[in-house]
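# A closer look at the structure
One-letter residues, chain by chain:
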Amino acid sequence: QLTGVLDDCLCDIESIDDFNTFKIFPKIQKLQERDYFRYYKVNLKRPCPFWADDGHCSIKDCHVEPCPESKIPVGIKAGSSNKYSKAANNSKELEDCEQANKLGAVNSTLSNQSKEAFIDWARYDDSQDHFCELDDERSPDAQYVDLLLNPERYTGYKGPSAWRVWNSIYEENCFKPRSVYRPLNPLAPSRGGDDGESFYTWLEGLCLEKRVFYKLISGLHASINLHLCANYLLEETWGKPRWGPNVKEFTRRFDPVETKGEGPRRLKNLYFLYLIELRALSKVAPYFERSVVDLYTGNGHEDAESKALLLDIFRDTKSFHMHFDEKSMFAGDKKGAKSLKEEFRLHFKNISRIMDCVGCDKCRLWGKLQTQGLGTALKILFSEKEIQSLPENSPSKGFQLTRQEIVALVNAFGRLSTSIKELQNFKVLLQKTR
């Protein structure tokens, strides 16, 4: 049932499917496997700031395997202080988390020549631009995780604890009055024969910015649900798990009849979110096109290949002409637009904090990464002037991305690209079962 033009942007679903399948998906998959993008530093021990922790998920598939400190390449560990030696860059003895010899030392975005400018840059505090509560990378609880060795998939984490997280996100952070209930919300009181109509009447009555905010969160939720359906534990025989697509689970979450029309709406929001992050990638291209920015790993050949692949993806994003136009957002009178943008930013920041309330470590890892990726995309979209005025040969103090933000941005968009590809797969599987 997913066809036609999306609301709030002039783009049709079929064009996005083709563009994603033939241009973006194969390249973003390759990029995510590069040394620079596979490591993400995350603190999975931060306490939930909103309610008493109701216990961690003890299912083994909830577990995240961090990289032992000794196995992390020196360049990554140097972090923003950029303290690396020539010997560390040339070392052949760096190991992967589980497999050896795949990794070069990974450094921050900037190469050797920019060391001094980089130190200046590190002092620049751009927390005013952040849409996310960022983990403190210096915290003793922050650990590096190899994303390739900890894939996002169904862990068995569900029920009241999981619902409370999403409920808090929607009910308290999507500008929604308490009297309007989301359709199919198991934590909402029964409301007779409403079927969510009052919710959609309320949504249509919102200004574009607040409507967009809701769609972004709904799209993120749909994308995460799709990953869980597509990478589901189908059986475990002799201790060997078999993961794959679960059509029954997909139908339960997205079928128009089973979800009373709600499933297709949520999937359309996934496409909407894809367009927003696609737009951000095309907007941030000038930041990476500068010679001062390297995806630095200490391996010159690898660095050049990674950057070439990233710039190739940027060219593709620019070639797609049906982007969402964020210029229509926050375009009212200056005072009103500024306060609305700030409200938007604070609501989203709150959502990034709610991710510390997720009881399953693997779900928390991917929730934090995808939220930070979207937060980085929003930061980019609202920094267009700063990006356009970047100096070619030195870091800018007006707009900056940390390595964590870059890794989150690329991997979050990679997840959306995968979701849309998996949706095509489910369409084929559903045709076979009919």
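If you're wondering where the values come from, they're calculated on a predicted model, not measured in any experiment.

## Some details on the side chain of Asn 246
Note on placement: Asn 246 falls in the loop between strand 4 (240–244) and helix 9 (247–254). Asn 246 gets classed as buried once you look at its relative accessible area, which sits at 15%. Here the side chain of Asn 246 touches Lys 248 through a polar contact of 3.1 Å, landing on its backbone nitrogen. At 2.9 Å, the side chain of Asn 246 forms a polar contact with the backbone nitrogen of Glu 249. Excluding its chain neighbours within four sequence positions, the residues that come into contact with Asn 246 are Cys 229, Tyr 232, Leu 234 and Phe 426.

## What to know about the state of the cysteines
Applying the stated rule across the entire model yields 1 disulfide. Covalent S-S linkage joins Cys 48 and Cys 357, the inter-sulfur distance amounting to 2.0 Å. The chirality of the disulfide connecting Cys 48 with Cys 357 is right-handed, given an S-S dihedral of about 75 degrees. Residue Cys 48 is located in the loop between strand 1 (39–43) and helix 3 (74–78), and its partner Cys 357 is located in the loop between helix 12 (334–354) and helix 13 (361–381); the two are separated by 309 residues in the primary sequence. The pair formed by Cys 48 and Cys 357 is uniform in burial state, with each residue classed as buried.

## Examining the pattern of salt bridges
Under the criterion given, the structure shown has 20 salt bridges. For Glu 171, the salt bridge goes to Arg 182, with nearest N and O atoms at 3.4 Å. With Glu 171 in helix 6 (residues 160–173) and Arg 182 in the loop between helix 6 and helix 7 (197–204), this pair connects stretches of sequence that are 11 residues apart. For the pair Glu 171 and Arg 182, one class covers both residues: buried. A salt bridge links Glu 262 to Arg 266; the nearest nitrogen and oxygen atoms lie 3.5 Å apart. Here Glu 262 and its partner Arg 266 are both found in helix 10 (residues 262–289), 4 residues apart, which amounts to about one turn of the helix. Taking relative accessible area as the criterion, Glu 262 reaches 3% and is therefore assigned buried. Via salt bridges that share partners, Lys 27, Asp 312, Arg 315 and Asp 316 belong to a single interconnected network.

## Some details on the UniProt feature "active site" (unreviewed entry) in the chain
Listed under "active site" (unreviewed entry) in the UniProt record, and renumbered for this structure, are Cys 360 and Cys 363. Along the chain, the position of Cys 360 falls in the loop between helix 12 and helix 13. With a relative accessible area of 0%, Cys 360 lands in the buried category. Residue placement: Cys 363 occurs in helix 13. Judged by its relative accessible area of 25%, Cys 363 is partly exposed. Not counting residues within four places of it along the chain, the set of residues in contact with Cys 363 comprises Thr 155, Tyr 157 and Val 358.

## What about the nonpolar core?
Judged by nonpolar contacts, the single largest core of 101 residues is most densely connected at Ile 16, Ile 217, Tyr 274, Val 284 and Phe 288. Among the elements that line this core, the one with the most residues is helix 10, at 15 residues. Apart from residues lying up to four places away in sequence, Tyr 274 is in contact with Ile 16, Phe 19, Asn 20, Ile 24, Phe 413, Leu 416, Ser 417 and Ile 420. Counting 11 residues, the second-largest nonpolar core is a separate cluster that includes Tyr 40, Val 42, Trp 366 and Ala 408.

## Remarks on helix 1 (residues 13–32)
For helix 1, with 20 residues, the first-to-last C-alpha span of 25 Å runs short of the 28 Å given by 1.5 Å per residue. Along its length, helix 1 shows its largest kink, about 50 degrees, at Asn 20. For helix 1, the complete set of buried residues consists of Ile 13, Ile 16, Asp 17, Phe 19, Asn 20, Ile 24, Phe 25, Ile 28, Leu 31 and Gln 32. Check the buried side of helix 1 and you find it contacts helix 2 (35–38), helix 10, helix 11 (300–319) and helix 15 (403–433).

What counts, and at which threshold
- The residue numbers shown here count from 1 along each chain, following its written sequence.
- This being a predicted model, a pLDDT of at least 70 is required before a residue's local features are given, and a value of 80 or more before pairs of side-chain atoms are given or counted; all residues contribute to the totals for chains, interfaces and linings.
- To obtain the side-chain values, all non-hydrogen atoms of the structure were included, while hydrogens and water were left out.
- Secondary structure is summarised from DSSP: a helix means a run of H or I of at least four residues, a strand means a run of E of at least two, and numbering begins at the N terminus for each.
- For the exposure calls, accessible area comes from a 1.4 Å probe over protein chains only, and a residue counts as buried if that area is under 20% of its type's maximum, exposed if over 50%, partly exposed in between.
- N or O atoms closer than or at 3.5 Å make up a polar contact, with two conditions inside protein: a donor-capable atom paired with an acceptor-capable one, and, for residues adjacent in sequence, both atoms drawn from side chains.
- Any two residues whose heavy atoms approach within 4.5 Å are treated as being in contact.
- Here, two cysteine sulfur atoms that lie within 2.5 Å of each other are counted as a disulfide.
- In what follows, salt bridge is the name for a side-chain nitrogen of Lys or Arg lying within 4 Å of a carboxyl oxygen of Asp or Glu.
- UniProt positions are given in the numbering used here, feature names are shortened, and annotations may be inferred rather than shown by experiment.
- Nonpolar core, defined: a set of buried Ala, Val, Leu, Ile, Met, Phe, Trp, Tyr and Cys residues in which side-chain atoms within 4.5 Å join the residues together.
- Expected helix span is computed as 1.5 Å times (number of residues minus one).
- To get the bend at a given residue, fit one axis to the seven residues ending there, fit another to the seven starting there, and take the angle between those axes.

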